[in-house]
Amino acid sequence: MAETQTLERRRGLGSVEFLAALLILLVIFRGPLSGLVAGARLEAWTTVFVSVLVQAVPFLVFGVLLSAIIAVFVPSSFWARALPEQPALAVPAASLAGVVLPGCECGSVPVAGSLIRRGVTPAAALAFLLASPAINPIVLTATAVAFPGNPEMVVARALASLAVAVMMGWLWLRLGRADWIRLPHQPDIAGKGRAFWSACRHDMIHAGGYLVAGAAAAATISVLVPEAWLQTLASNPVLSILALAVLAVLLSICSEADAFVAASLSQFSLTSRLVFLVVGPMVDLKLIAMQTGVFGRRFASRFAPATFALAVLAGSLTGWILL
């Protein structure tokens, strides 16, 4: 028993401790840091950091609440009835569920974790995690508004994103291992009301802390990347695709807003901008950080690179065919 409690305490070390250490370091080194960062850069960093949080936090709260509802009020037997028994068929079914559930990547991470706790096969839960922020009605409507002269972008984004979600689910069925996923321990609490709020607090600590860390990293990189680099890369078809794929990871923009950013990058081709829209909701800094907090480092270190490669490939092929 003592050994188990020690392990649980070790697993609990994460977002809260990281943020506390970060704040202490900022206080200690505030003098040197203020000298290194110019006023304009500090202002830009703050703008990006705050904008990422402002976009993400409402959807994170929505996802945490939905996750707690699933964990506490939805019986395990519901998922056995709602999804096909065969895991290979449950993956596309869970992916299509993303069409009817508005939300962004910030909310889909805790929801996917809750689905796995309720007995849903991890492959289906992970397919939902990828599909929900990419093909829900809010995101597709925003894409249509951002590209009024290119309605094919909406179709291309939906098809490419759905393909990535399904293929990643099937890839997990083939190659995934159960010990790669380490969900944080949630103690059993008597009473559904107390259990609901306990689940909310638990997910906010784990997902919210890593969200802040990811937003800080995204803001730092966005300030350091020179604007002139984008102009140079846009002239090369292959490099432009890779550049916007990497940019989507670094900027960490919520899927409800990324279409407007993509539309503003008019120097890039439609295909490269489609790759930006496919990669962003599935692989970015804050999402990787949140996946690390919810599923563990072993999971994130394998899942994120595979998703990135597949998203770039699917976006490029779909753009080549439809755009």
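**Details of the nonpolar core**
Move 1: Formed by 66 residues in total, the largest nonpolar core has its most connected members in Phe 276, Val 279 and Phe 295.
Move 2: Looking at which element gives the most residues to this core, the answer is helix 8 (residues 122-135), with 11 residues.
Move 3: Sequence-distant contacts of Phe 295, defined by excluding residues within four places in its chain, comprise Val 109, Ala 112, Gly 113, Ile 116, Leu 129, Trp 180, Ile 181, Arg 182 and Leu 183.
Move 4: Val 64, Val 72, Ala 195 and Cys 200 belong to the second-largest nonpolar core, a separate cluster that totals six residues.

**A short note on the side chain of Ser 161**
Move 1: Looking at where Ser 161 falls in the secondary structure, it is placed in helix 10 (residues 152-175).
Move 2: Taking relative accessible area as the criterion, Ser 161 reaches 0% and is therefore assigned buried.
Move 3: Each residue touching Ser 161, except ones within four places of it in the same chain, is listed here: Ala 134, Ile 135, Val 278 and Met 282.

**Some remarks on helix 15 (residues 270-279)**
Move 1: Most of helix 15 is tucked away, with 10 of its 10 residues classed as buried.
Move 2: Taken together, the buried positions of helix 15 are Leu 270, Thr 271, Ser 272, Arg 273, Leu 274, Val 275, Phe 276, Leu 277, Val 278 and Val 279.
Move 3: Structurally, helix 15 contributes buried residues whose contacts are with helix 9 (137-146), helix 10, helix 13 (237-251), helix 14 (258-264) and helix 17 (297-322).

**Here we look at the pattern of salt bridges**
Move 1: If you walk through the whole model with that rule in mind, you get four salt bridges.
Move 2: Between Asp 179 and Arg 177 there is a salt bridge; the shortest N-O distance is 2.9 Å.
Move 3: Judged by relative accessible area, which is 42%, Arg 177 ranks as partly exposed.
Move 4: A salt bridge links Arg 298 to Asp 179; the nearest nitrogen and oxygen atoms lie 3.8 Å apart. Taken together, the residues Arg 298 in helix 17 and Asp 179 in the loop between helix 10 and helix 11 (192-224) connect sequence positions 119 residues apart.
Move 5: Looking at Arg 298, the relative accessible area reads 38%, which means it is partly exposed.

Each value, and the rule that gives it
Residues numbered from 1 in each chain as written. Predicted model: local features only at pLDDT ≥ 70, side-chain atom pairs only at ≥ 80, totals over all residues. Heavy atoms only, no water. Core = buried A, V, L, I, M, F, W, Y, C linked by side-chain atoms within 4.5 Å. Buried < 20%, exposed > 50% of the residue type's maximum accessible area, 1.4 Å probe, protein only. Helix = DSSP H or I, 4+ residues; strand = E, 2+ residues; numbered from the N terminus. Contact = heavy atoms within 4.5 Å. Salt bridge = Lys/Arg side-chain N within 4 Å of Asp/Glu carboxyl O.

All we've got here are geometric facts, nothing functional implied.
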